[in-house]
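# Structure at a glance
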Amino acid sequence: MTDLFGGWDYIIVGGGAAGSVLAARLSENSSANVLLLEAGKDTRPENRPANFRGRRFDLDMNAHPDFWWHSLRARVHPSLDPIPFQAGRGIGGTSQVNGLFSIRGVRNDFDRWVALGAEGWSFDEVLPWYIKLEDDLDFPDAPHHGKGGPLPIFREPREHWGGADHAFHDAARDLGVVWHDDTNAPGATGLSPFAMHIRAGKRVAVSDGYLEPARGRTNLTIRSEVLVDRVTFAPGGTRAVGVELAGGESIPVAAGGEVILAAGGTLSPALLVRSGIGSGDDLAHLGIDHVVDLPVGQELTEHPFIVLPLPIPLEKAASPFGRPVNVTWRYSSGLAGAGDNDMMIIPNNGWLGLPGVCIWQMHAVSRGKLVFTSRDPLAGPLAELRMLTDESDRLRARDGLEKVGELVNHRAFKNILADSPALPTIDQLPAATFASHHVATTVRMGSPDDATTVVDPDCRVLGTEGLRVIDQSVMPEVVRGNPLLTVLMIAERMADRLKSSPA
Ligand SMILES: Cc1cc2nc3c(=O)[nH]c(=O)nc-3n(C[C@H](O)[C@H](O)[C@H](O)COP(=O)(O)OP(=O)(O)OC[C@H]3O[C@@H](n4cnc5c(N)ncnc54)[C@H](O)[C@@H]3O)c2cc1C
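Given the structure is predicted, the values throughout are model-derived calculations rather than measurements.

## A few points about helix α2 (residues 107-115)
It helps to recall that an α-helix has 3.6 residues per turn; residues three or four apart then point in one direction. Taken together, the buried positions of α2 are occupied by Asn108, Asp109, Phe110 and Trp113. Those residues of α2 that are buried are in contact with α3 (123-132) and α12 (484-500).

## Considerations on the sheet that holds strand β3 (residues 73-75)
What the four strands build is an open sheet, ordered β4-β3-β22-β21; its pairing is mixed. Strands at the two margins of the open sheet, each flanked by one partner only, are β4 (83-84) and β21 (369-371). Across three bridges, the pairing between β3 and strand β22 (residues 382-384) is parallel. Following the sheet pairing, Arg73 is matched in β22 by Leu382.

## Considering the environment of Ala317
Mapped onto the fold, Ala317 is located in helix α8 (residues 314-317). Once the C-alpha coordinates of Ala317 and Ala167 are considered, the two residues, 150 residues apart in sequence, prove to be 8.9 Å apart.

## Thoughts on the UniProt feature "domain: Glucose-methanol-choline oxidoreductase N-terminal" (unreviewed entry) in the chain
When the UniProt feature table is mapped to this numbering, "domain: Glucose-methanol-choline oxidoreductase N-terminal" (unreviewed entry) covers residues 9-304. End-to-end, the C-alpha atoms of residues 9-304 are 39 Å apart, and along that stretch the chain is 21% helix and 22% strand.

## What about the sheet that holds strand β17 (residues 305-309)?
The sheet built from six strands is open, its strands ordered β7-β18-β19-β20-β17-β23 with antiparallel pairing. Of all the strands in the sheet, the pair left with one neighbour each is β7 (190-193) and β23 (433-434). Bridging between β7 and strand β18 (residues 327-331) involves four bridges; their strand directions are antiparallel. Note on β18: the bridge partner recorded for Leu191 is Trp329.

## Looking at the UniProt feature "domain: Glucose-methanol-choline oxidoreductase C-terminal" (unreviewed entry) in the chain
As annotated by UniProt and renumbered to match this structure, "domain: Glucose-methanol-choline oxidoreductase C-terminal" (unreviewed entry) occupies residues 366-491. Note that residues 366-491 is 27% helix and 9% strand, and that its end C-alpha atoms are spaced 27 Å apart.

## Looking at the nonpolar core
Grouped together as the largest cluster of nonpolar side chains are 136 residues, with contacts concentrated most on Leu272, Phe413 and Leu467. It is α12 that contributes the most residues to this core, ten residues altogether. Three or more residues apiece are contributed to this core by two domains, here domain 1 (1-50 + 61-69 + 86-156 + 195-301 + 440-503) and domain 2 (157-193 + 304-363 + 389-438). Ignoring any residue separated from it by four or fewer positions in sequence, one finds Leu467 in contact with Val231, Phe233, Ala240, Val259, Leu261, Leu272, Ile277, Cys459, Arg460 and Val461. One finds Ile103, Phe305, Val307 and Trp351 within the second-largest nonpolar core, a separate group that totals 13 residues.

Calculation criteria
Residues numbered from 1 in each chain as written. Predicted model: local features only at pLDDT ≥ 70, side-chain atom pairs only at ≥ 80, totals over all residues. Heavy atoms only, no water. Buried < 20%, exposed > 50% of the residue type's maximum accessible area, 1.4 Å probe, protein only. Helix = DSSP H or I, 4+ residues; strand = E, 2+ residues; numbered from the N terminus. Contact = heavy atoms within 4.5 Å. Pairing = 2+ DSSP bridges. UniProt positions renumbered as here; feature names shortened; annotations may be inferred. Core = buried A, V, L, I, M, F, W, Y, C linked by side-chain atoms within 4.5 Å. Domains from an automatic or database assignment.

In structure tokens form, the structure reads like this:
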């Protein structure tokens, strides 16, 4: 390890979910000098707006503009126009503003990751880090759960559920869906309470759990409101030597130090491209000098989210604490070889003023891509999500729609419906489908000899030295669950690897 005048041992770009874990864990080694750079503000937990402190989920980007990136766009389906795409901004990143859902990937995800070239990332190999990151408040002594870790995991008791939760649960149980108390138990499927990162009714953002206890360390520096423009390389070479901020300031790494990008599923790829790492066409189009030719942003995976509003009076759907959903039904469709828990259906207690039911396709075959349109570090790429373009995704969406039809025609729903439910046809689904903001696989981890790989299984950017990407973008495929816990698992595991072979 070197002193600060020779540069930083680790420069971490992005103080969101992954960046908070990495900064906290890497600075546990008191001889490593760690710098965390974040574009947004550094808001401490007690100063966060009320809507980001409790159980609610507030997507209004104008209400609290500092907490969001405002320039990102996504096109859900080729037949539709681009719309705003959300990503959190500021220390804590998207974990400050997300929906709080806390679900692990399933064994089948990691079988696929290994088959896609992510050697060493099988379920049994990653489970210890899912355990390490959590403080499971409901199952602290289960062998597959953690006790005392930085992120609390909590499930709302039934007396706090909303009207749509109860109708959904009662209808599904009566139709024969099995109940499992714990979504995150290996092999769990069926109906379960949603796990959330909440303690005593309050959101615990990743930065609260990880960075707050680490802030006093003299070897950890947090700089907020600094926009990183690009990674810098040794002249004519491929060794990362630091970063350059949008205002022109250069920050060096120490000899042998590392730059780690943790800017998330759309902004880490954009940083790579601005740094000269991307497909030759993208770089040429933007007039960026070429460092390494890699397929950045080409293999995008995302979860289609289909919103099905029903004529339920808001007061009949609502939950006591404004929580939009407390129960989930995960199932394996058995269609088109999609594997375990490829589908999820959830009730909606009135989120967005649209009580009803939603279908979440947790395994999608359709692949999208990022289109890099600007060198401006504030601009971000356009995400062409191409949802439901693969026939197998349409098949499973149609099957999900049939299941919803059975549920909402059950007498449990009849008790809260004010009118007959009307569901869309399969052809109307693209217009009812939304991004989940779970964009992954844009910096795909895999085998170095696979043409679609950008980082190796140690998250090193191929063809470079001293540069890694450790965040949501590296997943070989987005997992069958809301991705936050998997992002933390990746960051925890990589931090341990880095600590055992320090820069
Ligand atoms: C609206 C919404 C709701 C979601 N709900 C859920 C949920 O309920 N459950 C779940 O599991 N997942 C959810 N997710 C996804 C989840 O939050 C992500 O999995 C997780 O936050 C990704 O972590 P990350 O570290 O990769 O990126 P982020 O947490 O987004 O962090 C990236 C950070 O990098 C910073 N950054 C970016 N570019 C630069 C730059 N050039 N210079 C400096 N800093 C930069 C950003 O400001 C940000 O703070 C949701 C996402 C969204 C957008």
